[in-house]
Amino acid sequence: MAKARNDLNDLSGKEWIKFTRTWFVCDSPRYWRNRPTELHPARFPEEMVAEFLGFFTKQGGAVLDPFLGSGATLVACSENERVGVGVELSQKYARTAARRTKGASSPQMVIRGEARGIGRKGFWQEWCRKLEAAGIAVVRGLPQFDFAITSPPYWRMLQTSRGGVFSKQKQRAARGLDTTYSGNPDDLGNIADYGRFISALGKVFDGVRRCVKDGKYLVVVAQNLRDPDGSIRPLAWDLARRIEKRGRGGAYWRFQGERIWCQNTKPLGIWGYPKIFVPNYHHHYCLIFRKSR
Ligand SMILES: C[S@@+](CC[C@H](N)C(=O)[O-])C[C@H]1O[C@@H](n2cnc3c(N)ncnc32)[C@H](O)[C@@H]1O
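Let me sum up the structure you'll find in this document. Small disclaimer: the values here were computed from a predicted structure and weren't measured.

So, the packing of helix 3 (residues 46-56) against helix 4 (residues 72-79)
- In the contact formed by helix 3 and helix 4, the axes pass within 8 Å of each other and the chain directions differ by 60°. Viewed along their axes, helix 3 and helix 4 adopt a mutual orientation that is oblique. Once helix 3 is placed against helix 4, the crossing between them reads as right-handed. Contacts between helix 3 and helix 4 involve Glu46, Val49, Ala50 and Leu53 from the first element and Ala72, Thr73, Val75, Ala76 and Cys77 from the second.
- Grouping the constituent residues of the contact of helix 3 with helix 4 by class yields seven nonpolar, one polar and one charged.

Description of unusual backbone geometry
- Cis geometry is found at the peptide bond from Tyr273 to Pro274, where omega equals 0°.
- Inspection of the secondary structure assignment puts Pro274 in the loop between strand 11 (252-262) and strand 12 (283-292).
- Despite not being glycine, Glu81 has its phi angle at roughly 55°, a positive value.
- Relative to the assigned elements, Glu81 resides in the loop between helix 4 and strand 3 (83-88).
- Backbone geometry at Trp155 places phi at a positive 50°, although glycine is not the residue there.

Quick notes on the rules
- Residues numbered from 1 in each chain as written.
- Predicted model: local features only at pLDDT ≥ 70, side-chain atom pairs only at ≥ 80, totals over all residues.
- Heavy atoms only, no water.
- Axes fitted to C-alpha atoms, helices over the stretch in contact; angles between N-to-C directions.
- Helix = DSSP H or I, 4+ residues; strand = E, 2+ residues; numbered from the N terminus.
- Parallel < 35°, antiparallel > 145°, perpendicular 65-115°, else oblique.
- Left-handed = near helix turned anticlockwise from the far one by under 90°.
- Contact = heavy atoms within 4.5 Å.
- Nonpolar A, V, L, I, M, F, W, Y, C, P; charged D, E, K, R; others polar.

That is the geometry; function is a separate question.
Pasting the structure below:
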């Protein structure tokens, strides 16, 4: 029997299978060594992005991150010969991302903008020539990426401290570092109502879908959350349901399953002891969707 062609990535069969295990540990040596958390209050590790790039793209593939933050996705793209485009609302983080990718070996583009506009032609108008020059096809005014990966704001969690003396928020505040992304009303992390927040995020991923090729993938890194009042908001699960929701058009994001990113060196907070079980959330869901019809 002829061997099936691998159109998705450059991995061997063994590497492919290894990746399909639904959990992995990533503590990002670079993250702790260089303390780049100072760049941004909620980063994900470049090493983790690199693993996903390796599975969901081939060398030279084009990648979109609609919530770029300090640019981990583009740094990983540049280190792995992928072409990256990131959208970020905050001027400060957009500048950080641009600085971190200056002189990259493959084209990396930082767009300061509002992620809810991504599905509209007008959003891309002034970027079309640059995108095409970077080898990204533009079809009917919209760029066509091979893959999208991102981590959205985890609702308004950055604005809340869970009260412990060593809470990350308190430590950052004491060191004069950012504890929220911005005060911008377009910042989705500033939406007070949870339902409205989920629906705003849903709109972003509807737009991203228009900019990803058929059959290709989206990975959204999200976490379930504990509100200071003690209630659990299953953000990752709610988001998975909303992103998969089918609209009137033909294409939709089909949920393909998750990989769980475990953090093994994060200090444990003493939240409920000795009265009540309160989880230390040291894992995130990497929700995987495929553009289907
Ligand atoms: C969880 S962070 C992303 C962190 C990034 N993965 C990193 O490693 O630095 C989410 C980002 O979304 C940005 N953001 C919030 N609302 C946005 C919007 N409407 N459009 C674009 N970016 C937005 C925030 O400024 C923040 O930097």
